[in-house]
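# Topology and contacts: notes
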Amino acid sequence: MSRMVGIDLGTTNSLVAVFRNGRAEVLADPRTGSRICPSVVRGETDGTVTVGEEARKGRVARARDTVASIKRLMGKTVAEAERLTTGLTYGVVDGGDGVPRVRVADRLMTPPEIAALVLRELKERATLALGEPVDRAVITVPAYFDDRERQATRDAARLAGLKVARLLSEPTAACLAYGLEKIPKGRIAVFDLGGGTFDVSILKVDGGLFEVLAINGDTKLGGDDIDAALGKRLLERARVDGVVFDTTLRVEEAARTAAEHAKIALSSSVSVAVALEVPEAGLRWSGTVTRDELESVASPFIDRTLKLTNRALRDAGLGVEDLDAVALVGGSTRMPLVRARVQTHFGKVPRTDLDPDEVVAVGAALQASVITGENRGITLLDVNPLTLGIETMGGVVAKIIPRNSTLPTATGMEFTTNVDGQTAVLIHVLQGERELAKDNRSLARFVLRGIEPAAAGIPRVEVIFTLDANGILNVMARDKKTGQAQDVDVRPTSGLTDEMVERMLVEGMTSGNADLEARLVAEARVDAEKLLRQSRKVVQADPTLVTPEESAQVAAVLKALEAVIAGDDHRAIRRAMETADHVTVPVAQRLMDRNIASYLTGRDVDAV
Ligand code: AMP
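This text gives an overview of the structure that appears in the document. (Residues numbered from 1 in each chain as written. Predicted model: local features only at pLDDT ≥ 70, side-chain atom pairs only at ≥ 80, totals over all residues. Heavy atoms only, no water.)

### Considerations on the pairing of strand S13 (residues 185-193)
Formally: Exposure classes here rest on a 1.4 Å probe applied to the protein chains alone. A residue is buried below 20% of its type maximum, exposed above 50%, and partly exposed in between. A helix here means a DSSP run of H or I that spans at least four residues, while a strand means a run of E at least two residues long, and both kinds are numbered starting from the N terminus. Between any two strands, at least two bridges found by DSSP are needed for them to pair.
Where burial is concerned, most of S13 is hidden: seven out of the nine residues are buried. Note: S13 against strand S14 (residues 198-206), nine bridges, orientation antiparallel. Looking across to S14, one finds that Phe191 is bridged to Val200. Connecting S13 to the next strand, S14, in antiparallel fashion are four residues.

Given below as structure tokens:
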């Protein structure tokens, strides 16, 4: 059986971890030593794609080809995605099927396809690090992700060749990582402020059993917002200092990147020098940013996190004084201001003993170890993030499984008909917190037939909602008199149909081959051009070393090599290189011998 890993598929960064030798550890990329893989993808002119650190580093210079924070678009409609990408360096186009597309190199890709590139990179990294195949994963998602967003994540995994053993909400993963099951009885807040998202969850722990009491958060709140706000402030300061420049995408991106560097530096120093330089837009500015200035910019965002925290506490029926522990997760919780404000708010020193970047991935690996049976020490309950119900008379929602119910769970409710002699009822399954059906997300519709005709209000139709540990909903409707029943598994959809995913898999495979071919051609060209240059240098170095036949032969093979370099058959290029080698190597050998001899006798040598 292949290895199951834990993956934190983050808005800013992603990580992969594994449980081995009795503990969970984040895997470093054996090629680079890096444990963090930026969730950044860049399309190249030759049609290939660069993923991770290299794509992140080139974000400013290649802003238009770079796609970051794709997680924000997972499972979103075109209209939602359009709103979300305002202000980003890339835009979306309507795929004509309700699913947004983003341009990557010369292809238009859906968000799950782009996320799959990051997952594939993590899968490859894990396979290399472990030296064995990896094809199953526990993947974490924000607590707030709805069905579509969760399903989009599953689609991405499938496209990357990974089976999802479980989608786990990030705060729950964090609790596992902190080993909070060791608290005999208590209540915990997990405060997770990353690059792109904020999640807070309130948990109860009792005898090694977790129960999530409430969750809250914002999928559009994080360190990125602080970078954007500070970046804007830097550009304003440059203007105030009299610098005249165009506000191009590159300028905005440069300001944002400089702001992030300054922000990170200001977690350990109180002031930092910042330089902005985008000559083609006329921007050249430098100045000093203090921690106070950063904190005044960041403060409104932190206020918002605390407001959401209060809401979660209210949902859980608790006050801050009821909490026994507060755990911090996410890179942005390294900011001293965040730590200080959280500490003041909760009246408690927060737990920061784990690397805030790695907590979620470690928790995912622990969950994987529970599923595979390698780790029997943990029992974990998850929670239903949004209320589930059905539409009743007048378009009103009857709530059947309330938000924050512990999974697995099953609840039933009785309904009746509203027309005399009615023999069928429409069951419309909804998800969301709003009172009217039209304001909630429609998950499924089905008809229960075979109701015995009777006066309105007499038949008793029982509807039972069953949510399994993975959050998959089954809805069963039954006429209590006749026993006639109908049920559906409500399969969430991300907007991608099964056929679309299949097609993407096939396209991915073919374009995977195309990508590989393109790379082989590019590499062969570079090698062949080098050989061409060296061979010419050799024959020109000393014409007396070459016979006229050899000279003609060399000219012919080099000409042939030049011709195949122009084409795109890497095998032909390699073959031509071999032929050229045959002819030029003996000449090069002679030149080298002569050079050595000259060196030994102290004469000038030709450098090749
Ligand atoms: P995550 O999404 O958890 O990977 O967090 C990434 C966010 O954490 C980004 O916005 C980073 O700028 C931010 N971050 C990372 N290190 C620090 C630091 N030392 N101080 C402040 N923010 C940081």
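### Regarding the site of the ligand
Quick note on the threshold: Each residue is tested against the molecule or strand, and it is near if at least one of its non-hydrogen atoms lies within 4 Å. Polar contacts, as counted here, are pairs of nitrogen or oxygen atoms within 3.5 Å of one another; within protein the pair requires one atom able to donate a hydrogen and one able to accept it, and residues that are adjacent in sequence qualify only if both atoms are side-chain atoms. Classification convention: Asp, Glu, Lys, Arg as charged; Ala, Val, Leu, Ile, Met, Phe, Trp, Tyr, Cys, Pro as nonpolar; all other residues, Gly among them, as polar.
The immediate surroundings of the ligand are formed by 16 residues, with Gly195, Glu260, Lys263, Ser267 and Gly331 found nearest. Between the ligand and Lys263, the relevant distance is 2.7 Å, taken from an oxygen atom to a side-chain nitrogen or oxygen of the residue. Between the ligand and Ser332, the relevant distance is 3.2 Å, taken from an oxygen atom to a main-chain nitrogen or oxygen of the residue. If you list the elements that add at least two residues to the shell around the ligand, you get helix H6 (223-240) and helix H7 (249-265). The element best represented in the shell around the ligand is H7, accounting for three residues. A per-class count over the shell around the ligand returns two nonpolar, nine polar and five charged.

### Thoughts on the pattern of salt bridges
Opposite charge on two side chains makes pairing possible when the charged atoms of those side chains draw close. Going by this rule: We define a salt bridge as a contact between a side-chain nitrogen of Lys or Arg and a carboxyl oxygen of Asp or Glu at a distance within 4 Å.
For the structure on display, the rule yields 37 salt bridges. A salt bridge links Lys76 to Glu149, with the nearest nitrogen and oxygen atoms 2.4 Å apart. Pair noted here: Lys76 is in the loop between strand S7 (66-68) and helix H2 (78-85) and Glu149 is in helix H4 (residues 147-159), with a separation of 73 residues, a long-range link. In this structure, Lys76 and Glu149 share a single accessibility class: buried. Linking Glu562 and Arg536 is a salt bridge whose minimum nitrogen-to-oxygen distance equals 3.4 Å. With Glu562 in helix H12 (residues 548-566) and Arg536 in helix H11 (residues 498-541), this pair connects stretches of sequence that are 26 residues apart. Judged by relative accessible area, which is 32%, Arg536 ranks as partly exposed. Here the salt bridges share partners, and the residues they tie into one network are Asp29, Arg31, Glu121, Glu124 and Arg125.

### Thoughts on the nonpolar core
Generally speaking, soluble globular proteins have nonpolar side chains that are buried together. How we decide: For our purposes a nonpolar core is just a set of buried Ala, Val, Leu, Ile, Met, Phe, Trp, Tyr and Cys residues, chained together by side-chain atoms within 4.5 Å. The contact criterion used is simple: two residues touch if any of their non-hydrogen atoms lie within 4.5 Å.
Counting residues in hydrophobic clusters, the biggest one holds 49 residues, and the most contacted among them are Phe191, Ile202, Leu234, Val274, Leu276, Leu283 and Trp285. Top element by residues in this core is helix H8 (residues 291-315). It accounts for eight residues. With residues near it in sequence (within four places) discarded, Leu276 still touches Leu234, Leu235, Ala254, Ala255, Ala258, Leu283, Arg284 and Trp285. The next biggest cluster of nonpolar side chains, apart from the first, holds 42 residues, and it includes Val104, Ala115, Ala126 and Leu159.

### A few points about empty space enclosed by the protein
Stated formally: Within this scheme a cavity is a closed region of a 1 Å grid, computed over the protein atoms alone, that accommodates a 1.4 Å probe without allowing it to escape, whereas a pocket is open but has protein on both sides within 12 Å along at least five of seven lines; lining residues each have an atom within 4 Å of a point. Grid points are joined across faces, edges and corners, and a volume is the space filled by probe spheres set on the points.
Under the defined criterion, the tally for this structure stands at four cavities of 30 Å³ or more. Taken as a whole, the second largest cavity spans an internal volume of roughly 50 Å³. The residue makeup of the lining of the second largest cavity, split by class, is one nonpolar, three polar and four charged.

### Side note on H8
Short version of the rule: For a helix, the expected span equals 1.5 Å multiplied by the number of residues minus one. What is called the bend at a residue is the angle between a pair of axes, fitted to the seven residues leading up to and ending at it and to the seven starting from it.
Relative to the 36 Å expected for 25 residues at 1.5 Å per residue, H8 spans 35 Å between its end C-alpha atoms, a close match to the ideal helical length. The largest bend in H8 is about 45°, located at Ala298, with the proline Pro300 one to four residues further on. Among all positions of H8, only Glu293, Leu294, Glu295, Val297, Ala298, Ile302, Thr305, Leu306, Leu308, Thr309, Ala312 and Leu313 are buried. Residue Gly317 follows H8 closely and has a positive phi angle near 70°.

### So, the sheet that holds strand S6 (residues 49-51)
The cut-off we apply is this: Interaxial angle, 0 to 180 degrees, is taken between N-to-C directions of lines fitted to C-alpha atoms, where a helix line uses only the stretch in contact.
With antiparallel pairing, the three strands of this open sheet are ordered in space as S6-S5-S7. Each edge of the open sheet carries a strand with a single partner, namely S6 and S7. On average, each strand axis in the sheet is inclined to that of its neighbour by 20°, with strand direction left out of account. Pairing of strand S5 (residues 40-43) with S6 involves three bridges; the strand directions are antiparallel. Pairing of Arg42 across the sheet is with Thr50, part of S6. In this fold helix H3 (residues 111-130) packs onto S5, S6 and S7, with an angle of close to 60° to the strand it touches most, S6.

### Let's talk about the sheet that holds strand S29 (residues 485-490)
Across the sheet, which stays open at both edges, the four strands sit in the order S24-S27-S28-S29 with antiparallel pairing between neighbours. Whereas interior strands pair on both sides, the edge strands pair on one side only; in this sheet they are strand S24 (409-415) and S29. Direction aside, neighbouring strands of the sheet carry axes that sit 15° apart on average. The pairing of S24 with strand S27 (residues 461-467) spans seven bridges and is antiparallel. For Gly412, the partnering residue across the bridge sits in S27 and is Ile464.

### A few points about the environment of Glu53
Tracing the chain through its elements places Glu53 in helix H1 (residues 53-57). Glu53 gets classed as partly exposed once you look at its relative accessible area, which sits at 32%. Taking C-alpha positions, Glu53 is 8.5 Å from Ser39, a pair spaced 14 residues apart along the chain.

### A short note on the pairing of strand S9 (residues 100-104)
When you tally the buried positions in S9, you get four out of five residues, the bulk of the element. Pairing geometry for strand S8 (residues 93-94) and S9, over two bridges, is antiparallel. Opposite Asp94, over in S9, you have Pro100 as the bridge partner. Linking S8 back to S9 in an antiparallel pair, the connection comprises five residues, with Gly96 at a positive phi of about 85°.

### Let's talk about the packing of H6 against H8
Quick reminder of the rule: We call two directions roughly parallel when the angle between them is under 35 degrees, roughly antiparallel when it is over 145, roughly perpendicular when it lies between 65 and 115, and oblique otherwise. For any helix crossing, the convention is left-handed if the near helix is rotated counterclockwise from the far helix by under a right angle, and right-handed if that rotation is clockwise.
Contact geometry of H6 with H8 gives a least axis separation of 9 Å together with a crossing angle of 135°. Judged on the interaxial angle alone, H8 and H6 are oblique. Regarding H6 and H8, the two cross each other, and that crossing is right-handed. Touching Asp225, Ile226, Ala229, Leu230, Arg233 and Arg237 of H6 are Glu293, Leu294, Ser296, Val297, Ala298 and Phe301, all from H8. Taken together, the residues of the contact of H6 with H8 sort by class into seven nonpolar, one polar and four charged.

### A few points about helix H5 (residues 170-177)
Burial analysis of H5 places eight of its eight residues in the buried class, which makes it a mostly covered element. Residues of H5 that are buried include every one of Glu170, Pro171, Thr172, Ala173, Ala174, Cys175, Leu176 and Ala177, and no others. In the segment just after H5, Gly179 is the residue with positive phi, at about 60°.

### A look at the environment of Cys37
When you line up the elements, Cys37 lands in strand S4 (residues 37-38). The class for Cys37 is buried, based on a relative accessible area of 1%. Separated by 25 residues in sequence, Cys37 and Thr12 have C-alpha atoms that sit 8.8 Å apart. Beyond its immediate sequence surroundings of up to four residues, Cys37 is in contact with Asn13, Ser14, Gly52, Glu121, Leu122 and Arg125.

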